[in-house]
Amino acid sequence: MKPLPTALAAGAVAVPVAAGLLGTVLPAFGMLPALGGTAFSLDPWRILLDQPGLAASVRLTIVVGFGATALSMFVVTAFCAAFHGTSAFRWAQAAMAPVLATPHVAIALGFLALAAPSGVLARMISPWATGWRQPPDIAIIGDPWGVSLVLGLALKEAPYLLLMLGAALNGIPARGLVAAARSLGQPAPVAWLKAVFPLAYRQLRLPVLAVLAYALSAVDVALLLGPGSPPPLAVLVVRWVFDPDLSRVFPAAAAACLLLALTVCAALLWLAGERAVAALGRRWAGSGRLAGAAAVRLAGLALPVVLALALLSLLAAALWSVAGPWRFPDALPARLDGAAWSAQAAGLLAPFRVTLGAALASTVLALLLSVAALEAVARHGPAARPGLLALTYLPLLVPQAAFLFGVQVALLALGLDGGWAALVWAHLLFVLPYVLLSLRDPWAALDPRLARVAACLGATPNAVLLRVKLPVLLRPLLAAAAVGIAVSAGQYLATLFAGGGRMASLATEAVTLASGGDRRVLGVFAVVQAAVPLLFYAAALVLPGLVWRRRAGLRGA
Amino acid sequence: MTLHLDGATVLAAGRPLFAPLTLAVPPGTVTTLMGPSGSGKSSLLAWVCGTLDPALRGAGRVCLDDADVTALPVERRRIGILFQDDLLFPHLSVGANLGFGLPPGSGRRARIDDALTQAELPGMAARDPATLSGGQRARVALMRALLSRPRALLLDEPFGRLDAALRDRFRQFVFGHAVAAGLPVLLVTHDPDDAAAAGGPVILLQPA
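The shown structure was predicted, so the numbers you read here are calculated from the model rather than taken from an experiment.

Peer 1: Can you explain the overall build of chain B? Please cite residues and give values.
Peer 2: From N to C terminus, chain B includes seven helices and 10 strands. What you see for chain B is a C-alpha radius of gyration of 17 Å, in line with the 17 Å of a compact globule of 208 residues. The dimensions of chain B, computed from C-alpha atoms along their principal axes, are 50 × 40 × 30 Å. Across the 208 residues in chain B, those meeting the buried criterion constitute 45%. For chain B, the share of sequence-separated contacts (at least 6 apart) that also reach a separation of at least 24 residues comes to 72%.

Next up, the structure:
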């Protein structure tokens, strides 16, 4: 019984992922009885390989995956090297909070509203700087090399890596190491890179690989900001899965397998790259060379630009949602009105309910599973098999398109697709790892003697949990809940596959509407989609202070 | 009530941290255990009250008079413990902290008020523990342990954090109350002054 809670948490995630991978691999080799595939066949691969533009799709996928990951990593590292320990660092951490809470789709919609040829930026600088009186006919968004896609992904991933690097930095004596290196004559940013970064990166490896897997297989952002033909591989998978021609499912499965193989190779390549960089870094650190401080400080300014772009994107979406008539080169709309809001009010309701329902249900489930698992580990130690919990991080490392497709096949076989249970479970696959990750450290940081004292006063283990641990951990519990809500509200592919096309959330509805291209409607959807997690984040920030307003020991962070 | 340890030791990865210990602490007396840090003193206390880290394992028996409590879960052993830090529950008022281990029933309120008076904090039941001084918090922690009606009291270096003047007063406060309650007390410390103030036998933990 002791490992039951950890096994439950691991199984809730690992079983569907394994079933999903199987459900992806088998059809790729012709086996899917529901569609008449009963024999082993390489036809799906032949169809895939004959697909015109496949090579370009693969190339684009790789460029975007590595590009977004490396760019995010670079700007975050340079920023921390230049500004860790300064007020600029704290300012950036405050500024990134709303970006972290906002789903990818909302940020991407905002980026469209901001940076498209007819977007807010172009209007701000036209015609006085550009001479444009019409929106220019250039592919700023959806360029064939995926530059806008890389940038759009980095707007979300860089703040995430900054959060993770900030957490890692709290665990190492960064200030002392930098001081020691500076006393040896190293300029501050160089000292940070040589003495602190190698220690911090170890804890950053999992998040970085998660970013890489996400960037390789993101569908929602790619549909909004990426090129359409040829599209990235993950978009190709989704396009074929939902093709009216059902036989397209077979090459879709083959493409999903190819994406999986690409992701594994990319991760191995990244890890090899790490070693190369580490070897060069060690030589650099041992060389005693001091140069580079000015370059690092300059590169450190890139992250504030990324954060500003992300926040401006949100503002641009909000502005469009209330914009009245707005002729092209005008910097601002002629007037503001709520026409788009009142027109969309009815259409928003159903996807809003799906979004909120799935978010609340999957978050509550994730909290229960996480608390049960962490509590079992706290009570029983190794006998509770804490190692099993590593399995819950699988969905962060396996490309979504590769296993969600198989999950849908499995759900179809079980007759569960398109219902609430399937939707909530699919969201749980992504909510649980993030909730568990957010709770793990605060749980471990709780003074174990507090629980021991309570037990010695006669409280049973469950009473200790309810009367001492949960109240004391209220702040991290609410923060984890807010993370869960934000992760769920951002799920595009999970909603698409598990909802079977019958259940639309704000994320899926917004991407569907994006092809219509009405900026005002998209602005409304972006604002509502961002508002759901933002409200929960605000609540998680404010509530503990209200509940514990008479308890100075719990009011602080 | 007498606290007996019989062949008690703590094992890490199967190896005992110190030679097995057999001793008896009569009611109203203090026995002091001394040893360098890392010798397993605190782990021994954790094992006695039943809160040993699951990664470690205890061996031997803990008895209160004739009753073997070794197999009992911690909450049913009724062995109180005080640590170096007061470990008051930060989310509860001073009064609720005192009442935490007090079974429901009549006279609860009066007993809490009485404990507050003894801790020189009369009428402060509603206070936030974070607003008390270090000495006040330490006294509340002791009264909280005593109110749960323990059958023995373990002290895990409870005087280490207090400054010299306060330490002396708090020692007398703890020993005075424990002796008055007729409790067997097992004290772990590396401060010879603590052992001297305790007045009872002093045992040095021997490496295994």
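Peer 1: Describe in detail the packing of helix α7 (residues 147-170) of chain A against helix α9 (residues 188-217) of chain A, supporting the description with residues and values.
Peer 2: Residues and elements named next belong to chain A. Where α7 meets α9, the axes come as close as 9 Å, and the angle between the chain directions of the two elements is 160°. Taken together, the axis directions place α7 and α9 in an arrangement best described as roughly antiparallel. The crossing of α7 and α9 is right-handed. The residues of α9 that touch α7, namely those facing L153, E157, Y160, L161, M164, L165, A168 and L169, are A200, Q203, L204, P207, V208, V211 and A215.

Peer 1: Break down helix α15 (residues 339-380) of chain A for me, with residues and values.
Peer 2: The terminal C-alpha atoms of α15 of chain A lie 59 Å apart, and with 42 residues this matches the ideal 62 Å at 1.5 Å per residue to within 8%. Directly beyond the C-terminal end of α15 of chain A, a positive phi value near 60° is found at G381 of chain A.

Peer 1: Describe in detail the domain arrangement of chain A, supporting the description with residues and values.
Peer 2: Residue and element names in this part refer to chain A. If you check the domain split of chain A, you get domain 1 (56-87 + 144-321) and domain 2 (338-557). Each of domain 1 and domain 2 was reduced to a C-alpha centroid, and the two centroids are 24 Å apart. For the side of domain 1 that touches domain 2, the secondary-structure elements that each account for two or more residues are α9, α10 (220-225), α11 (233-241), α12 (249-287) and α14 (302-321). Counted by class, the side of domain 1 that touches domain 2 contains 21 nonpolar, three polar and one charged residues.

Peer 1: Would you mind going over the nonpolar core in detail, with residue names and values included?
Peer 2: Residue and element names in this part refer to chain A. Counting 258 residues, the largest nonpolar core has L109, V237, A255, A256, L259, A401 and F405 as the members making the most contacts within it. Ranked by the residues each element gives to this core, the list is headed by α9, at 18 residues. For L109, the residues in contact, after removing those within four places along its chain, are L224, A317, A510, L522, F525 and A526.

Peer 1: Explain the interface of chain A and chain B residue by residue, including any values.
Peer 2: When the parts of a complex come together, some accessible area is lost, and that lost area is often used as the size of the interface. On the chain B side, the residues contacting the 24 residues of chain A number 24 residues. Among the secondary structure elements, those contributing two or more residues to the side of chain A that touches chain B are α19 (448-456), α20 (461-472) and α25 (552-555) of chain A. Looking at the side of chain A that touches chain B element by element, the count peaks at seven residues for α19 of chain A. In terms of residue class, the side of chain A that touches chain B is made up of 15 nonpolar, five polar and four charged.

Peer 1: Please set out the domain arrangement of chain B residue by residue, giving values where relevant.
Peer 2: All names here are of chain B. What the domain assignment lists for chain B is domain 1 (3-78 + 150-204) and domain 2 (92-143). A straight line from the C-alpha centre of domain 1 to that of domain 2 covers 24 Å. Contacts between the two partners involve six residues from domain 1 and, on the opposite side, five residues from domain 2. Tallied by class, residues from the side of domain 1 that touches domain 2 come to five nonpolar, one polar and no charged.

Procedures and definitions
Residues numbered from 1 in each chain as written. Chains lettered and ligands numbered in written order. Predicted model: local features only at pLDDT ≥ 70, side-chain atom pairs only at ≥ 80, totals over all residues. Helix = DSSP H or I, 4+ residues; strand = E, 2+ residues; numbered from the N terminus. Rg over C-alpha atoms; globule rule 2.2 N^0.38 Å. Buried ≥ 20, exposed ≤ 12 C-beta atoms within 10 Å, placed from the backbone. Contact = placed C-beta atoms within 7 Å. Axes fitted to C-alpha atoms, helices over the stretch in contact; angles between N-to-C directions. Parallel < 35°, antiparallel > 145°, perpendicular 65-115°, else oblique. Left-handed = near helix turned anticlockwise from the far one by under 90°. Expected span 1.5 Å × (residues − 1). Domains from an automatic or database assignment. Nonpolar A, V, L, I, M, F, W, Y, C, P; charged D, E, K, R; others polar. Core = buried A, V, L, I, M, F, W, Y, C linked by C-beta atoms within 7 Å.

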